[in-house]
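In case you want the letters, here they are:
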Amino acid sequence: MNNILDLSKKELAEAAVSLGEKSFRGTQIFEWLSKGVSSFEDMSNISASLIAKLKEEYYIGLPEIIKTQESKDGTVKCLFRFDDGAEVESVFMKYSYGNSICISSQVGCRMGCTFCASTMDGLERNLTGGEMLGEVLAMRNHTNKDINHVVVMGMGEPLDNYEELSRFINLIHDPKGYNLGLRNITVSTCGLVPQIIKFAEDFPQVNLAISLHAPNQELREKTMPVAKKYKYDELLKTCVEYTKLTSRRITFEYAVIDGVNDTAECAEELASRLKGWLTHVNLIPLNEVEGRDYRKASDQNVHTFKEILEKQGVNVTIRRTLGSDIDAACGQLRRK
Ligand code: SAH
């Protein structure tokens, strides 16, 4: 049995034809799936005989909701389970510009960042594009609210699952489907250099965020093993290349960790590396994870950090903390 959510509009049209139907039936099925239907019987313009044939080959792989947490600020976190038992988290957030969902791209992660909860048990498996779409649809079904931004910043390293990430973007962008604008999608990476260039070529309109978390190689490789493979200088050079290829601003994420990367010297060094080009730094107050020794930096240090970057003309914001009364950091709900 295959998850029908993995099929593109074109593949569904081909599937319809192979089942002895007109190809437009495929488009109709695609439209239904993007509405978030959980059963083939809900597809009211599809004949019972086609539904019977579909059910022999496919299932609708929407994840089941195992746990939910709702914050006072409207943030909703869901623990989803797919039919093989794999569990991932997604978070729904309200912003002034609309509703956003943070989805997972893998079950677990093999990047090994030392401050992150998602990577503690390694990588279990990749998610498929249809499963990522399933997170969005299941969250919309659960909250009953439109979702107009998707950030791929949950569990997993999206560029380590490139083919399925591409599939997801193409699925959710399809005008006959969810019809989400490419500029309303943000992908976050720990810095897989070759895939960043490929991503710039394939999806120049999708926003890219880079998890930098350090002002230099030495500090970065202490918390992010990926830095040993792709060095700091090489990563920044690739980011410059990215902005040239796409004319898009790149966002650097910087989780500010007490005693690790939160000093004024760190801020000065980061500013000296970034000033003069089209970037934006997002300072993230660390989410403290059970079983990890890191503590979040003091508000004072975060503000000083911000001021230093600003003085050097680097665009910077401090990420608003949403859902701090629930387990908002990646992978925490799953571990519980
Ligand atoms: N693998 C991708 C996307 C998933 S993590 C990446 O590395 O970008 C999404 C963001 O949350 C990354 O910037 C990641 O470094 C950050 N993050 C992970 N654990 C965190 C924690 N405990 N507190 C704050 N940010 C964290």
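Residues numbered from 1 in each chain as written. Predicted model: local features only at pLDDT ≥ 70, side-chain atom pairs only at ≥ 80, totals over all residues. Heavy atoms only, no water.

**Considerations on helix α6 (residues 193-202)**
Along α6, the positions that sit buried rather than exposed are Val193, Ile196, Phe199 and Ala200. One side of α6 holds all its buried residues, which, seen down the axis, span an arc of 115°. For α6, the secondary structure elements touched by its buried residues are α5 (162-173), β10 (185-189), β11 (207-211) and α9 (232-246). (Buried < 20%, exposed > 50% of the residue type's maximum accessible area, 1.4 Å probe, protein only. Helix = DSSP H or I, 4+ residues; strand = E, 2+ residues; numbered from the N terminus. Arc of directions from axis to C-beta. Contact = heavy atoms within 4.5 Å.)

**Re the domain arrangement of the protein chain**
The domains assigned to the protein chain are domain 1 (2-59) and domain 2 (64-326). The C-alpha centroid of domain 2 is placed 33 Å from the C-alpha centroid of domain 1. Each partner contributes residues to the interface: domain 1 has 15 residues there, and domain 2 has 17 residues. Together, the buried faces of domain 1 and domain 2 total about 1200 Å²; carbon and sulfur atoms form 49% of this surface. Contact with domain 2 buries area across many residues of domain 1, yet Leu5, Asp6 and Ser34 alone supply 41% of it, more than any other trio. Inspection of the domain 1/domain 2 interface yields 3 salt bridges. One can count 9 residue pairs in polar contact (both at pLDDT 80 or more) joining domain 1 with domain 2. Breaking the side of domain 1 that touches domain 2 down by element, the ones donating at least two residues are α1 (9-18) and α2 (24-34). Looking at side-chain class alone, the side of domain 1 that touches domain 2 contains 5 nonpolar, 5 polar and 5 charged residues. (Domains from an automatic or database assignment. Buried area = accessible area lost by both parts, 1.4 Å probe. Salt bridge = Lys/Arg side-chain N within 4 Å of Asp/Glu carboxyl O. Polar contact = N/O pair within 3.5 Å; in protein donor to acceptor, adjacent residues only side chain to side chain. Nonpolar A, V, L, I, M, F, W, Y, C, P; charged D, E, K, R; others polar.)

**What to know about the site of the ligand**
Near the ligand, the surroundings consist of 17 residues, among which Glu157, Ser188, Ser211, His213 and Asn287 are the closest. The separation between a nitrogen atom of the ligand and a polar main-chain atom of Gly156 is 3.0 Å. The contact in question runs from an oxygen atom of the ligand to an N or O atom on the side chain of Ser188, over 2.6 Å. About the coverage of the ligand: the protein hides 95% of its 530 Å² of free accessible area. Of the residues belonging to the shell around the ligand, the class tally is 8 nonpolar, 7 polar and 2 charged. (Near = heavy atom within 4 Å. Areas by Shrake-Rupley, 256 points an atom, 1.4 Å probe, with all protein chains shown as cover.)

**Quick word on the packing of aromatic side chains**
Taken as a whole and judged by the stated rule, the model has 5 aromatic pairs. Ring centres 5.1 Å apart and planes at 5° place the aromatic pair Tyr95 and Tyr97 in the stacked group. Accessibility expressed as a relative area gives 24% for Tyr95, which makes it partly exposed. Judged by centre distance (5.6 Å) and plane angle (50°), the rings of Phe199 and Phe203 are tilted. The exposure classification of Phe199 matches that of Phe203, with both residues buried. The structure contains a cluster of three or more aromatic residues connected by ring pairs, namely Tyr162, Phe199 and Phe203. Sitting above the plane of the Trp32 ring, Lys35 keeps its charged end 5.0 Å from the centroid. (Phe/Tyr/Trp six-rings, centres within 6.5 Å; stacked < 30°, edge-to-face > 60°. Lys NZ or Arg CZ within 6 Å of the ring centre and 35° of its normal.)

**Section: the pairing of strand β4 (residues 76-81)**
The buried count for β4 comes to 5 of 6 residues, which makes it a mostly enclosed element. For strand β3 (residues 64-70) and β4, the ladder comprises 6 bridges, and the chain directions are antiparallel. Across the sheet, Glu70 pairs through a bridge with Val76, a residue of β4. Joining the antiparallel neighbours β3 and β4 is a turn of 5 residues, in which Gly74 adopts a positive phi near 95°. Across 6 bridges, β4 lies against strand β5 (residues 87-95) in antiparallel orientation. Residue pairing across strands places Lys77 opposite Val91, the latter belonging to β5. (Pairing = 2+ DSSP bridges.)

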